[in-house]
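Below are the chains, spelled out letter by letter.
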Amino acid sequence: MANFGYHIQAAFYMRVVEQATGTRPKGFIFVAVEKEPPFAVQVFTSSEQLIAAGDRQVDALLPQLAELLESCPADKPWPSYSQQSVILDLPAWADR
């Protein structure tokens, strides 16, 4: 979980919800589903310490993001994926 920065994700999403609604969520829940049968599911509730650690990292990362945004010229697209729409389709096994 820590290797993938899920604590940062949780803290960031909580900030976004707070910005949008004016109310900070009471907590953050992750739902994990196995990729292979039997596709077991587990719900994880984030601790206050996990969110606090994520908040500290978000505080450190936001200035870096601001620097990147400032260095990207307004007349050029943000470097990312294709600017064109990409067709998304179901795998053959799912089209039954």
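The preceding data block contains the structure.
As a starting point, this report considers the structure included with it. (Residues numbered from 1 in each chain as written. Predicted model: local features only at pLDDT ≥ 70, side-chain atom pairs only at ≥ 80, totals over all residues. Heavy atoms only, no water.)

### A short note on the pattern of salt bridges
Here is step 1 of the chain: Counted according to the given criterion, the structure contains four salt bridges.
Here is step 2 of the chain: Put simply, Arg24 and Asp55 hold a salt bridge, and the shortest N to O gap is 3.0 Å. Of this pair, Arg24 sits in the loop between helix 1 (6-21) and strand 1 (29-33) while Asp55 is found in helix 2 (residues 48-71), placing the two residues 31 residues apart along the sequence.
Here is step 3 of the chain: For Arg24, a relative accessible area of 30% translates into the label partly exposed.
Here is step 4 of the chain: Sharing partners across several salt bridges, the network here consists of Arg15, Glu18, Arg24, Asp55 and Asp59. (Salt bridge = Lys/Arg side-chain N within 4 Å of Asp/Glu carboxyl O. Helix = DSSP H or I, 4+ residues; strand = E, 2+ residues; numbered from the N terminus. Buried < 20%, exposed > 50% of the residue type's maximum accessible area, 1.4 Å probe, protein only.)

### Here we look at the packing of helix 1 against helix 2
Here is step 1 of the chain: Closest axis-to-axis distance for the helix 1/helix 2 pair is 7 Å, and the angle between their directions is 80°. Classified by the angle their axes make, helix 1 and helix 2 are roughly perpendicular. Of the residues in helix 2, those touching helix 1 at His7, Ile8, Ala10, Ala11, Phe12, Met14 and Arg15 are Leu50, Ile51, Ala53, Gly54, Asp55, Gln57, Val58, Asp59, Leu61 and Leu62.
Here is step 2 of the chain: The residue makeup of the contact of helix 1 with helix 2, split by class, is 11 nonpolar, three polar and three charged. (Axes fitted to C-alpha atoms, helices over the stretch in contact; angles between N-to-C directions. Parallel < 35°, antiparallel > 145°, perpendicular 65-115°, else oblique. Contact = heavy atoms within 4.5 Å. Nonpolar A, V, L, I, M, F, W, Y, C, P; charged D, E, K, R; others polar.)

### Section: the nonpolar core
Here is step 1 of the chain: Membership of the largest hydrophobic core is limited to six residues, which are Ala10, Met14, Phe28, Phe30, Leu50 and Ile51.
Here is step 2 of the chain: Breaking this core down by element, the ones donating at least two residues are helix 1 and helix 2.
Here is step 3 of the chain: With sequence-adjacent residues up to four places away left out, Phe28 is seen in contact with Ala10, Tyr13, Met14, Phe44, Thr45, Ser46 and Ile51. (Core = buried A, V, L, I, M, F, W, Y, C linked by side-chain atoms within 4.5 Å.)

### Section: a nonpolar patch on the surface
Here is step 1 of the chain: Judged by side-chain polarity, Phe12, Tyr13, Val16, Leu62, Leu65, Leu68, Leu69 and Trp78 come together as a nonpolar surface patch covering roughly 730 Å² of accessible area.
Here is step 2 of the chain: Of all the secondary structure elements, the ones that give two or more residues to the nonpolar patch are helix 1 and helix 2.
Here is step 3 of the chain: The element that contributes the greatest number of residues to the nonpolar patch is helix 2, accounting for four residues.
Here is step 4 of the chain: If you trace the backbone, Leu65 turns up in helix 2. (Patch = residues over 30% accessible without salt bridge, like charges linked within 9 Å, V, L, I, M, F, W, Y side chains within 5 Å. Areas by Shrake-Rupley, 256 points an atom, 1.4 Å probe, with all protein chains shown as cover.)

Everything listed here is a matter of geometry and, on its own, says nothing about what the molecule does.
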